[in-house]
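The residues making up each chain are set out below.
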Amino acid sequence: MDATIERVWKEECGVAAVLCRDRRTPAAPLIHLALYALQHRGQESAGIAASDGRRLTAHRDLGLVAQVFTPEIILALDGWLAVGHVRYATMGSVTLANAQPIVVSSPWGPLAVAHNGNLINAPALRRALEADGCVFTSSTDTEVIAHLLARAPVSTAEEAARYCMPRLEGAFTVTVLVEDMVLGFRDRHGIRPLILGGGPNFWILASETCAFDHVGGEPLGEVEPGELVVCAAEGVRAVPVLEAPRRAHCVFEYIYFARPDTVLFHRNVHQARRRMGRILAREHPAPADLVVPVPDSGSSAAMGYAEESGLPLEIGLIKNRYIGRTFLQPSPAVRDAGVQIKLNALREVVDGRRVVLVDDSIVRGTTSSRIVALLRRAGAREVHMRVSSPPIHFPCFYGIDTSSRGQLIAATRSVEEIREQIGADSLGYLSQAGLVEALRLPTEALCMACLDGRYPTRVPTEEEAGRAALEPVAATSPSEIPEVAVWPGR
Ligand code: AMP
């Protein structure tokens, strides 16, 4: 499977951790629900590790949350502490060995780690750990974090996290289950999201607030950039560990990744996207009859575009919800077929009409070309493509898998050349200033490196930037890993 997975723009992962304060309520069912809510952040593998403070049990597998877990498995994941993960490979290939949470033994008992992001110094850290006798079983940078924690020359697990954080470079949002605590920490720029929530008798850490809604929790606040949050039955403590010179929240979380019902940094994602659509309509009006969103990624922005332009919003494309993401298809040929069965145009709506087609982003340009062609085949007289983000010119080193600029259509082509390539009558992108205005966040609080090349960290070397930076390792086939792995307590 690994060899055929194309290197394309990919979404990163979702993490969650739960601690039930009464020490009796099982945490795995809550994490299970949270992972369902975070499924959009990764569909390659899912996993949960649970513990009662002494014995840790974990289950991970390739596939969707619904495929990976059965009621029996959730029941077997015993204990009032749990950490979970959904994965979309940005570091390491798609094998079971790379599924998370990663579990390693430590002086404090078994330790389970779930990570979202991408370390830029993972190869160097791994070499140093290997030289120290560490044996790696996966090719992920998450295992580097796990071993670094486990080998920290300190006396408590909390100190291990404080030891680890300054040694990691890049984007990291990490949740850890160790002893009778769950820990959450975030890089000094807060590139990927991590939010603390609370329920009637539990604490929860999750990538997005939509996970809280599903488990009956309330958001209590973001884990601050550079901060370590320690959740125990007795309460939660936030410890500032790293100096945080400037925030750099990933702008693509707002553009595409996050679920519309999530609130990031006090901004609801749907409303932010709707404002992007409104501004897009002001910046790029179109002589058209109706506005059609690309479902579902363009829906919120299309609503804003229609409101601002006064054009009717119409359902002109129908998405088949039972087809996996185009990006998961293993070969270009299959992916090509995938796009066609995934979307269909409504001839009755678009025939003879001038259509404004709204999507959140153009990455390689393949999707837009196909959709424009689809609308034309269904009779659309004109197709005016409007994109609610600026052109993506630069690769991301923080968890989105753009291994080379060559794949990014806007890296090498002008807007007019892109218009021609996708076959639209006109093409308009939201400006960067318009994006910032829609987000109502200061420019300095955002990472917009994919748009303007201003990276908040040092730019990784060739070796560090590659997705396969930590490979090769011994291949592990799914059958080599027990379904439910049980580690005895200390
Ligand atoms: P393309 O230009 O063909 O690479 O694809 C752009 C389409 O993919 C748009 O509809 C986006 O909403 C969607 N998209 C953007 N980023 C991602 C991502 N990381 N994973 C999956 N789809 C994405």
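Before reading on, note that the structure itself is shown above.
First, a word on what this report is: a plain description of the structure on this page. For every chain, the first residue of the written sequence is number 1, and numbering continues from 1 along that sequence. For this predicted model, a pLDDT threshold of at least 70 governs which residues receive local features, and a threshold of 80 or more governs which side-chain atom pairs are given and counted, while totals over whole chains, interfaces and linings are taken from all residues. Hydrogens are left out, water is left out, and the side-chain values use all remaining heavy atoms of the structure.

Attention now goes to the overall build of the chain. Per the secondary structure count, the chain includes 18 helices and 24 strands. Out of the 490 residues in the chain, the part that is buried amounts to 60%. For the chain, long-range pairs separated by at least 24 residues make up 72% of all intrachain contacts whose partners lie at least 6 apart in sequence. The Shrake-Rupley method, run with a 1.4 Å probe sphere, supplies the accessible areas, and residue values consider only the shown protein chains as cover. Surface exposure of the chain reaches about 18100 Å², of which carbon and sulfur atoms provide 53%. To qualify as a helix, a DSSP run of H or I must reach at least 4 residues; to qualify as a strand, a run of E must reach at least 2; elements of each kind are numbered from the N terminus. Only protein chains enter the calculation, and the probe is 1.4 Å; a residue is then buried if its accessible area is under 20% of its type maximum, exposed if over 50%, and partly exposed in between. Any two residues having at least one pair of non-hydrogen atoms within 4.5 Å are treated as being in contact.

Pairing in this open sheet of 4 strands is parallel, and the strands run β17-β20-β21-β22 from one edge to the other. Pairing within the sheet leaves two strands with one partner each, and these edge strands are β17 (290-293) and β22 (426-429). Each neighbouring strand pair of the sheet contributes to a mean axis angle of 25 degrees, computed without reference to strand direction. By definition, two strands form a pair when at least two bridges between them are found by DSSP. The sheet contact formed by strand β20 (residues 354-359) and strand β21 (residues 382-387) spans 6 bridges and is parallel. Across the sheet, residue Leu357 finds its bridge partner in β21, namely Met385. Axis definition: a line fitted to C-alpha atoms, over the contacting stretch in the case of helices. Angles run 0 to 180 degrees between N-to-C directions. Lying over the sheet, helix α10 (residues 299-309) contacts β17, β20 and β21, oriented at roughly 170 degrees with respect to β17. Each of β20 and β21 touches helix α13 (residues 366-377); the most contacted strand, β21, lies at about 150 degrees to it.

Another point: the packing of aromatic side chains. Stacked, tilted and edge-to-face are the three classes applied to pairs of Phe, Tyr and Trp rings, where Trp contributes its six-membered ring and a pair requires centres within 6.5 Å; stacked means planes under 30 degrees apart, edge-to-face means over 60, and tilted covers the rest. Within this structure, the stated rule accounts for 6 aromatic pairs. Between the aromatic rings of Phe252 and Tyr256, the centroid separation amounts to 6.3 Å while the plane-to-plane angle is 45 degrees, which identifies the pairing as tilted. Here Tyr256 and Phe252 lie together in helix α8 (residues 251-257), a separation of 4 residues that amounts to about one turn. Residue classification places Tyr256 among the partly exposed residues on the basis of a relative accessible area of 24%. An angle of 40 degrees between the planes, with centres 5.0 Å apart, marks the rings of Phe397 and Tyr455 as tilted. Here Phe397 is found in the loop between β21 and α14 (409-412), whereas its partner Tyr455 is found in the loop between α17 (449-452) and α18 (462-465), with 58 residues between them in sequence. Through a chain of ring-to-ring contacts, three or more aromatic side chains come together here, namely Phe252, Tyr256 and Phe257. The ring of Trp203 has Arg21 sitting right over it, with the charged end atom 4.3 Å from the ring centre. We call a charge positioned over a ring when the NZ of a Lys or the CZ of an Arg lies within 6 Å of the ring centre and within 35 degrees of the ring normal.

Let's shift gears to the packing of helix α9 (residues 269-283) against α10. Two elements in contact, α9 and α10, have axes whose closest approach is 6 Å; the angle formed by their N-to-C orientations is 45 degrees. For the element pair α9 / α10, the angle class is oblique. Crossing hand, α9 versus α10: right-handed. Residues His270, Arg273, Arg274, Gly277, Arg278, Leu280, Ala281 and Arg282 of α9 touch α10, and the partners they reach there are Ser300, Ala301, Met303, Gly304, Tyr305, Glu307, Glu308 and Ser309. Residues are sorted three ways: Asp, Glu, Lys and Arg are charged, Ala, Val, Leu, Ile, Met, Phe, Trp, Tyr, Cys and Pro are nonpolar, and all the rest, Gly among them, are polar. A breakdown of the residues in the contact of α9 with α10 according to their chemical character gives 5 nonpolar, 5 polar and 6 charged. Note on terminology: angles under 35 degrees are roughly parallel, angles over 145 are roughly antiparallel, angles of 65 to 115 are roughly perpendicular, and the others are oblique. Should the near helix be turned anticlockwise from the far one by less than a right angle, the crossing is termed left-handed; should it be turned clockwise, right-handed.

Further remarks concern α9. The span one expects for a helix is its residue count, reduced by one, times 1.5 Å. Between its first and last C-alpha atoms α9 spans 21 Å; for 15 residues at 1.5 Å apiece the expected length is 21 Å, and the two agree. Listed as buried for α9 are Val269, Ala272, Arg273, Arg275, Met276, Gly277, Ile279, Leu280 and Ala281. Each polar contact in these results corresponds to two N or O atoms within 3.5 Å; when the atoms are within protein, one needs to be able to donate a hydrogen and the other to accept it, and residues that are neighboring in sequence are counted only if both atoms are side-chain atoms. Sitting at the head of α9, Asn268 places a side-chain oxygen 3.2 Å from the backbone nitrogen of His270.

Here we take up the pairing of strand β2 (residues 45-51). Across the 7 residues that make up β2, a large majority, 7, are buried. Residues Ser45, Gly47, Ala49 and Ser51 point to one face of β2 and Ala46, Ile48 and Ala50 to the other, with burial holding for every one of them. Inspection of the sheet shows β2 paired to strand β3 (residues 56-62) by 7 bridges, in the antiparallel sense. Bridge pairing in β3 links Ser45 to Leu62. With antiparallel pairing between neighbouring strands as the criterion, β2 and β3 make up a hairpin whose turn holds 4 residues, including Gly53 at a positive phi of roughly 95 degrees.

Here the focus is the side chain of Arg41. As for its position among the elements, Arg41 is in the loop between α1 (28-37) and β2. With relative accessibility at 0%, the residue Arg41 sits in the buried group. Engagement of the side chain of Arg41 in a polar contact is seen with the side chain of Glu208, the distance being 2.7 Å.

On to the pairing of strand β4 (residues 81-87), then. Among the 7 residues that make up β4, 7 are buried, leaving the element largely enclosed by the rest of the structure. Where burial is concerned, the two faces of β4 agree: the one with Leu81, Val83, His85 and Arg87 and the one with Ala82, Gly84 and Val86 are both buried. Note: strand β1 (residues 14-20) against β4, 6 bridges, orientation antiparallel. Across the sheet, the residue bridging to Ala16 is Gly84, located in β4. Pairing analysis gives 7 bridges linking β2 to β4, with the strands arranged antiparallel. Directly across from Ala50, in β4, lies its bridge partner Ala82.

Limitation: the analysis is restricted to geometry and does not speak to function.
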